[in-house]
Structure formats: structure tokens, C-alpha cells
Amino acid sequence: MDQVQIDRVRASHALLAPQAQAMGSAFYRFLFELNPELRRLFVGDIEAQARKLMDMLASVVEHLDQPEQLLDRARALGERHAGYGVQESHYDDVGTALLHTLHAGLGAHYSDEVEEAWASVYGALAEAMMAAGRSVEA
Ligand code: HEM
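Undergrad: What exactly am I supposed to notice about helix 6 (residues 112–137) here?
TA: Residues that lie three or four places apart on an α-helix share one face, since the helix turns once every 3.6 residues. Across its 26 residues, helix 6 extends 36 Å between first and last C-alpha, which sits within 8% of the 38 Å expected from 1.5 Å per residue. Along helix 6, the residues classified as buried are V114, A117, W118, V121, Y122, L125, A126, A128, M129, M130, A132 and G133. The elements touched by buried residues of helix 6 are helix 1 (3–16), helix 3 (46–62), helix 4 (67–83) and helix 5 (88–106).

Laid out in C-alpha cells, this is it:
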């Protein structure tokens with residue numbers, strides 16, 4: 001991902017930061033509408049989970065220029081996710097729900113370029129998480 005994309009992700013994330021909790025809740029609403037079967041994987045409080053996800057995203061956005069560190073964390077996260085019963089097909093649903101949440105939150109600030117930049121961040125994280133999940137299950 002190049003600097004222009006990093007800047008796009010950071011600028012759009014900054015616009016959403018003041019409403020992070022609402023974004024987190026909206027994300028899980030979209031996710032469970034898209035695939036109701038995923039609901040049962042989440043055993044803890046969903047508002048607390050929304051907070052964890054938003055905190056993790058904020059940290060990812062902050063460290064976009066340190067990809068090696070990010071990928072290390074994604075691998076550890078992917079190993080834990082295999083333990084939560086997450087399957088590879090679920091990563092598409094989460095990616096779709098994430099872009100949908102960004103679109104809803106950003107409104108007129110959303111664009112093809114913003115979508116592409118976020119899809120690239122999510123894709124890299126998801127790839128590293130899935131690869132780590134596979135090695136745990138092997
Ligand atoms: C880039 C992708 C993702 C990120 C950044 C992310 C982030 C997180 C974080 C920070 C946690 C808190 C626990 C921990 O750190 O281990 C968590 C838990 C969890 N995530 Fe994810 N996640 C991602 C993808 C997914 C996907 C694809 C699924 C599939 C439905 C999923 C389902 C879960 C579940 C079931 C839990 C445990 C919830 C509970 O204990 O109630 N995550 N995730």
C-alpha cells in the first residue's frame with residue numbers, strides 16, 4: 001500500500017473517530033444481517049467486542065507505516081481467531097460489513113478510492129490472519 005492510500009485510510013478514519021462506538025455497533029448489526037449464523041460465535045458482550053474491534057482498527061491505522069509489526073500482530077490475532085471457531089469464508093463477510101460500515105459512516109466522504117484503500121488494508125490483515133489460522137489447524 002502506498003503513501004496516498006495510507007493517507008486516505010488515516011483521513012477517513014479520523015472523520016469516524018468521534019463516533020467510534022456507534023461505528024462498532026453498526027458494524028456488528030450489518031455483519032449479523034449479512035450472515036446471522038455468525039452471531040453464535042460471539043459469546044461475550046457485543047458492545048465490549050465493538051470497542052475491542054474499534055481499538056484494534058485505530059491501532060492498525062496508526063501503524064500502517066510499520067507493516068512488519070502489523071503483520072506480526074495479525075498473525076497472532078489469526079491464531080486466536082481459529083480458536084474462536086472463525087472460518088476462512090467468514091473473512092469475506094467481515095470485509096463486506098466493514099466497507100458497508102465505512103460507507104454508512106462517511107456518507108459523501110466515501111469514494112471508490114477510499115474503498116480501495118480500506119479494502120487493501122483489510123485484505124492484507126485478513127490474508128495474514130487466515131494463513132496463521134491455517135497453520136494452527138494443520
Ligand atoms: C481484520 C480482521 C479482524 C480483526 C482486526 C478482528 C479483531 C478482533 C479483536 C481485537 C478481538 C478481541 C479478542 C482478541 O484480541 O483475540 C476479536 C475477537 C473475535 N473476533 Fe475478530 N477480528 C477480525 C476478523 C474476524 C472475523 C472474520 C470473524 C468471523 C466472524 C471474527 C470473529 C471474532 C470472534 C468470534 C471473536 C471473539 C468474540 C467473543 O469472545 O465473544 N473476527 N476480533
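Undergrad: What is the right way to read the layout of surface pockets from this model?
TA: Over the atoms, a rolling probe the size of a water molecule traces out where space has been left empty. Of the pockets and cavities examined, the largest pocket occupies roughly 920 Å³. If you trace the largest pocket, you find 33 residues lining it, with Y28, F42, Q49, L53 and H81 closest to the centre. When contributions to the lining of the largest pocket are tallied by element, the ones reaching two or more residues are helix 2 (20–34), helix 3, helix 4, helix 5 and helix 6. It is helix 3 that provides the largest number of residues to the lining of the largest pocket, a total of 7 residues.

Undergrad: Would you take a moment to explain the site of the ligand for this structure?
TA: Neighbouring the ligand are 19 residues, the closest being V43, G44, R80, H81 and Y84. In this structure, an oxygen atom belonging to the ligand sits 2.6 Å away from a side-chain N or O atom of R80. Because more than half of its atoms lie within 2 Å of the grid, the ligand is assigned to the largest pocket. Secondary structure elements with two or more residues in the shell around the ligand: helix 3, helix 4, helix 5 and helix 6. Among the elements that make up the shell around the ligand, the one with the highest residue count is helix 3 (4 residues). The residue makeup of the shell around the ligand, split by class, is 13 nonpolar, 4 polar and 2 charged.

Undergrad: Looking at this structure, how should I read the pattern of salt bridges?
TA: Should their charged atoms come close, side chains of opposite charge can pair. Summed over all chains, the structure comprises 3 salt bridges. When the shortest N-O distance is used, the salt bridge between R75 and D72 registers 3.0 Å. Taken together, the positions of R75 and D72, both in helix 4 and 3 residues apart, correspond to about one turn of that helix. Taking the shortest distance from any N to any O, the salt bridge between R134 and E88 comes out at 2.6 Å. With R134 in helix 6 and E88 in helix 5, this pair connects stretches of sequence that are 46 residues apart. Taking relative accessible area as the criterion, R134 reaches 44% and is therefore assigned partly exposed. The class for E88 is partly exposed, based on a relative accessible area of 37%.

Undergrad: Is there a simple way to explain the nonpolar core in this structure?
TA: As a rule of thumb, nonpolar side chains are buried together in soluble globular proteins. Grouped together as the largest cluster of nonpolar side chains are 40 residues, with contacts concentrated most on V9, Y28, L31, L64, Y91, L102 and W118. If you list the elements that add at least two residues to this core, you get helix 1, helix 2, helix 3, helix 4, helix 5 and helix 6. Residue contributions to this core peak at 10 residues, all from helix 6. Excluding residues within four positions of it along the chain, Y91 makes contact with G78, H81, V86, Y122, A126, M129 and M130.

Basis of the calculations
Residues numbered from 1 in each chain as written. Predicted model: local features only at pLDDT ≥ 70, side-chain atom pairs only at ≥ 80, totals over all residues. Heavy atoms only, no water. Helix = DSSP H or I, 4+ residues; strand = E, 2+ residues; numbered from the N terminus. Expected span 1.5 Å × (residues − 1). Buried < 20%, exposed > 50% of the residue type's maximum accessible area, 1.4 Å probe, protein only. Contact = heavy atoms within 4.5 Å. 1 Å grid on protein atoms, 1.4 Å probe; cavity = no way out; pocket = protein on both sides within 12 Å on 5 of 7 lines; lining within 4 Å. Points joined across faces, edges and corners; volume = space filled by probe spheres on them. Near = heavy atom within 4 Å. Polar contact = N/O pair within 3.5 Å; in protein donor to acceptor, adjacent residues only side chain to side chain. Sits in = over half its atoms within 2 Å of the grid points. Nonpolar A, V, L, I, M, F, W, Y, C, P; charged D, E, K, R; others polar. Salt bridge = Lys/Arg side-chain N within 4 Å of Asp/Glu carboxyl O. Core = buried A, V, L, I, M, F, W, Y, C linked by side-chain atoms within 4.5 Å.

Such coordinate-based values are descriptive only and should not be taken to indicate function.
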